[in-house]
Amino acid sequence: MAGAVEAKVAELGLTLPDVVPPLASYQPAVRSGVYVYTSGQLPMVDGKLAVTGKVGAEVTADEAKELAKTCALNALAAVKSVAGDLDRIARVVKVVGFVASASDFTGQPGVVNGASELLGAVLGDKGVHARSAVGVAVLPLDAPVEVEVQVELVDA
């Protein structure tokens, strides 16, 4: 049975996806004490990227913001895979967003807002976090956006 966090995801008209399988030699998420660290999550849907390219060139900032939201959903799925239940999240501590950017694109914070806003909508005050939004030349599979998340769990 889904908990309150997953019910909120559904209420928003979204679905918590299956964990995206690793593309290389790493785990989607690792727990250390009361913290869960996710690997960088790409905007994968049903095992593939819906969009590729650089933000500010082939991909608009608005499209990339939606893709960052998908990355955050994938990160929540990765957290659940090691925490067992998203209701165990005490708070999101840190979000790092990478934006594959055209050379003149400077709107990385607005893109990564897609992830931040999704976490806030799903987790309320527990979703408020520190964050970095970084422009990069290229991401794996030519993804426009990649997001990693660190959460603190309540002990169970």
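Residues numbered from 1 in each chain as written. Predicted model: local features only at pLDDT ≥ 70, side-chain atom pairs only at ≥ 80, totals over all residues. Heavy atoms only, no water.

Draft legend 1. Region of the structure containing the packing of aromatic side chains. Overall, the coordinates contain one aromatic pair when judged by the stated rule. Both rings, one in Tyr35 and one in Tyr37, keep their centres 6.4 Å apart while their planes meet at 45 degrees; by these two values the pair is tilted. A residue is classified by how much of its surface remains accessible, and Tyr35, at 29% relative accessible area, is partly exposed. A relative accessible area of 38% places Tyr37 in the partly exposed class. (Phe/Tyr/Trp six-rings, centres within 6.5 Å; stacked < 30°, edge-to-face > 60°. Buried < 20%, exposed > 50% of the residue type's maximum accessible area, 1.4 Å probe, protein only.)

Draft legend 2. Main features of the sheet that holds strand E6 (residues 130-136). The sheet built from five strands is open, its strands ordered E1-E2-E7-E5-E6 with mixed pairing. Only two strands of the sheet have a single partner each, and these edge strands are strand E1 (29-32) and E6. Here the average twist between neighbouring strands, direction ignored, is 15 degrees. With seven bridges joining them, strand E5 (residues 89-100) and E6 adopt parallel strand pairing. Counted as the bridge partner of Ala100 is Val136 from E6. (Pairing = 2+ DSSP bridges. Helix = DSSP H or I, 4+ residues; strand = E, 2+ residues; numbered from the N terminus. Axes fitted to C-alpha atoms, helices over the stretch in contact; angles between N-to-C directions.)

Draft legend 3. Spatial organisation of the side chain of Gln150. Tracing the backbone shows Gln150 in strand E7 (residues 145-153). The exposure class assigned to Gln150 is buried, which follows from its relative accessible area of 18%. If we skip the residues at most four places from it in the chain, Gln150 touches Tyr35, Val36, Tyr37, Val92, Val93 and Lys94. (Contact = heavy atoms within 4.5 Å.)

Draft legend 4. Representation of the layout of surface pockets in the model. The space that makes up the largest pocket amounts to roughly 230 Å³. Lining the largest pocket are 13 residues, with Pro17, Met44, Val45, Asp46 and Asn74 sitting closest to its centre. Those elements that provide at least two residues to the lining of the largest pocket are strand E3 (44-45) and helix H2 (61-83). Residue contributions to the lining of the largest pocket peak at three residues, all from H2. Tallied by class, the residues present in the lining of the largest pocket amount to seven nonpolar, four polar and two charged. Of the pockets and cavities examined, the second largest pocket occupies roughly 150 Å³. (1 Å grid on protein atoms, 1.4 Å probe; cavity = no way out; pocket = protein on both sides within 12 Å on 5 of 7 lines; lining within 4 Å. Points joined across faces, edges and corners; volume = space filled by probe spheres on them. Nonpolar A, V, L, I, M, F, W, Y, C, P; charged D, E, K, R; others polar.)

Don't take any of this as a statement about function, it's just geometry.
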